[in-house]
Amino acid sequence: METRIVGAEEGLDEAVSLIKSGELVVIPTETVYGLGADALNPAAVKKIFEAKGRPQDNPLIVHISRVEQVKTIAREVPDEFYALAERFMPGPLTVVLEKSDAVPYEVTAGGHTVAVRMPNNAIVRRLIAASSPIAAPSANRSKHVSPTTAAHVYDDLKGRVSLILDGGECVVGIESTVLDLTTDIPTVLRPGAVTADMIAEVLGAVSSAGKIIGVAKSPGMKYEHYAPTVPAVAAYDEDKAFARYDEEVRAGGRPVLIMRERHRAAAGERAFISLGDTPEECMRRIYAALRKAEREYTFVIVEALSGKGAEGSVMNRIMKSVGGKLL
Ligand code: TXA
Ligand code: MG
């Protein structure tokens, strides 16, 4: 199969026909690129799992074009959903609700709940409005780093999907926050740009104590994720990071540091990929940095960030990328 990258606007009509005929299309979103199919067509949804090599027991997010469309996806929509929608939609927040009969079990991995999100990309919302709600996981090969450019997607899915809609670089850069509204207390299953504090401002209470890692309710979180193809470790301490780097060089390796800009001067001549400085910059750059590192180097040392707020969401992905290995 030939894989083409086409500007999102230019490729819109073709994307509508592909989705309607049960085929896959890669869509740009503000978080990461998604591998989309008609969420209401079981045969189409199966193709997503095949193309990604995704485990069947990991459910997909359904993307909608307007808030009211949630009613076709969810059996009951609590007031909390609308309160969150008012503040965060369209945007990087996914909400888990009881599923409606229209949603096939292929999407929910056999479960009775469904994850719903309204992406902040107007062209993609036009695509959904003109075709169907779209089920889409991140458009990477299963377990690899998530894609934040069309080129990243091409590297992973070349020959497995015919059309990649190019919407430029993703502005948020890590996957959406996943919030479960089916539990007694709303529970953050995956942290993201919409932080637990921001959600608590709207809902009053939210649980994120489970720290997502190990929370079985979001099955995707139990797999090793976001892993670069070369060994990687994280370090809180700059000196430890540099020492490990120098050791790697002496052993004949080609290491690289992925750190915030503030460490660049101290790093001196060492290979350095900058995360910028603000939490938002780190979020936007982390996946591209990991992909560049695995292409050009043999060992990756990533700066460990604090566990708080947006920085905590990036740190969640860093710890998964390094398989929990800290210096
Ligand atoms: O930003 C995003 O969310 C991107 C873009 C493309 O929208 N999508 C994305 O999808 O990251 P994926 O499949 O890579 O991650 C979805 C996460 C997984 O951890 C999955 O287990 C969880 O959401 N999830 C999906 N449906 C769920 C459900 N019904 N209950 C609990 N967790 C669910
Ligand atoms: Mg993913």
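Refer to the structure presented above.
A brief report on the enclosed structure follows. Each chain has its residues counted from 1, running along the sequence as written. Think of it this way: whatever chain is written first is A, whatever ligand is written first is 1, and the rest follow in order. This being a predicted model, a pLDDT of at least 70 is required before a residue's local features are given, and a value of 80 or more before pairs of side-chain atoms are given or counted; all residues contribute to the totals for chains, interfaces and linings. The basis for every side-chain value is the complete set of heavy atoms in the structure, and neither hydrogens nor water enter the calculation.

## Points about helix H1 (residues 12-20)
Here's step 1: All buried positions along H1 are accounted for by Leu12, Ala15, Val16, Leu18 and Ile19. Buried residues of H1, seen end-on, are gathered within an arc of 165 degrees and therefore sit on one face of the element. Away from the buried face of H1 by more than 90 degrees, exposed residues Asp13 and Lys20 are located.
Here's step 2: Working rule for contacts: check all heavy atoms of both residues, and any pair within 4.5 Å makes them a contact. A helix here means a DSSP run of H or I that spans at least four residues, while a strand means a run of E at least two residues long, and both kinds are numbered starting from the N terminus. The inward-facing, buried residues of H1 abut strand S2 (25-27), strand S3 (34-38), helix H6 (122-130), strand S7 (134-135) and strand S8 (163-166). Relative accessibility under 20% of the residue-type maximum defines a buried residue, over 50% an exposed one, and the middle range a partly exposed one, all with a 1.4 Å probe and only protein chains included. Summarising the geometry, the arc corresponds to the directions from the helix axis toward the C-beta atoms.

## Concerning helix H7 (residues 150-157)
Here's step 1: Three or more residues of H7 are buried, namely Ala150, His152, Val153, Asp156 and Leu157. Viewed end-on, H7 has its buried residues packed into an arc of 155 degrees, placing them on one side of the element.
Here's step 2: Just past H7, the residue Gly159 takes up positive phi, approximately 85 degrees.

## Overview of unusual backbone geometry
Here's step 1: Note the cis peptide between Met89 and Pro90, where omega equals 0 degrees.
Here's step 2: Relative to the helices and strands, Pro90 is located in the loop between helix H4 (79-88) and strand S5 (93-98).
Here's step 3: Non-glycine residue Ala109 carries a positive phi angle of around 55 degrees.
Here's step 4: By the element assignment, Ala109 lies in the loop between helix H5 (105-108) and strand S6 (113-117).
Here's step 5: Given a relative accessible area of 30%, Ala109 falls into the partly exposed group.

## Describing the pairing of strand S12 (residues 255-259)
Here's step 1: Among the 5 residues of S12, 5 are classified as buried, and the element is accordingly described as predominantly covered.
Here's step 2: Of the two faces of S12, the one holding Pro255, Leu257 and Met259 and the one holding Val256 and Ile258 are both buried throughout.
Here's step 3: Each pair of strands is called paired provided DSSP finds at least two bridges between the two strands. Two elements, S12 and strand S13 (residues 272-274), share 3 bridges in a ladder whose sense is parallel. Bridging from a neighbouring strand, Ile258 pairs with Ile273 of S13.

## Some points on the pattern of salt bridges
Here's step 1: For this analysis, a salt bridge means a side-chain nitrogen from Lys or Arg found within 4 Å of a carboxyl oxygen belonging to Asp or Glu. One pass over the full model with this rule turns up 17 salt bridges.
Here's step 2: With its nearest N and O atoms 3.6 Å apart, the salt bridge here joins Glu76 to Arg75. With respect to class, Glu76 is no different from Arg75; both count as exposed.
Here's step 3: The closest approach of N and O atoms between Arg244 and Glu248, which form a salt bridge, is 2.8 Å. In this pair, Arg244 and Glu248 are both assigned in helix H9 (residues 238-250), 4 residues apart and thus about one turn of the helix distant.
Here's step 4: Owing to a relative accessible area of 15%, Glu248 belongs among the buried residues under this scheme.
Here's step 5: In this structure, a network of salt bridges that share partners links the residues Arg244, Glu247 and Glu248.

## Some thoughts on the nonpolar core
Side chains that are nonpolar tend, in soluble globular proteins, to be buried together.
Here's step 1: Nonpolar cores are built from buried Ala, Val, Leu, Ile, Met, Phe, Trp, Tyr and Cys residues. Side-chain atoms within 4.5 Å join them into one set. Of all hydrophobic cores here, the largest spans 45 residues; its most connected members are Val26, Leu35, Phe81 and Leu93.
Here's step 2: The set of elements that each furnish at least two residues to this core consists of S3, helix H2 (42-52), helix H3 (70-73), H4, S5, S6 and H7.
Here's step 3: Those residues within four positions of Leu93 in sequence are excluded, and the remaining contacts are Leu84, Phe88, Val116, Arg117, Ser176, Thr177, Leu179, Val194 and Ile199.
Here's step 4: Grouped together as the second largest cluster of nonpolar side chains are 41 residues, Val172, Ala232, Met315 and Val322 included.

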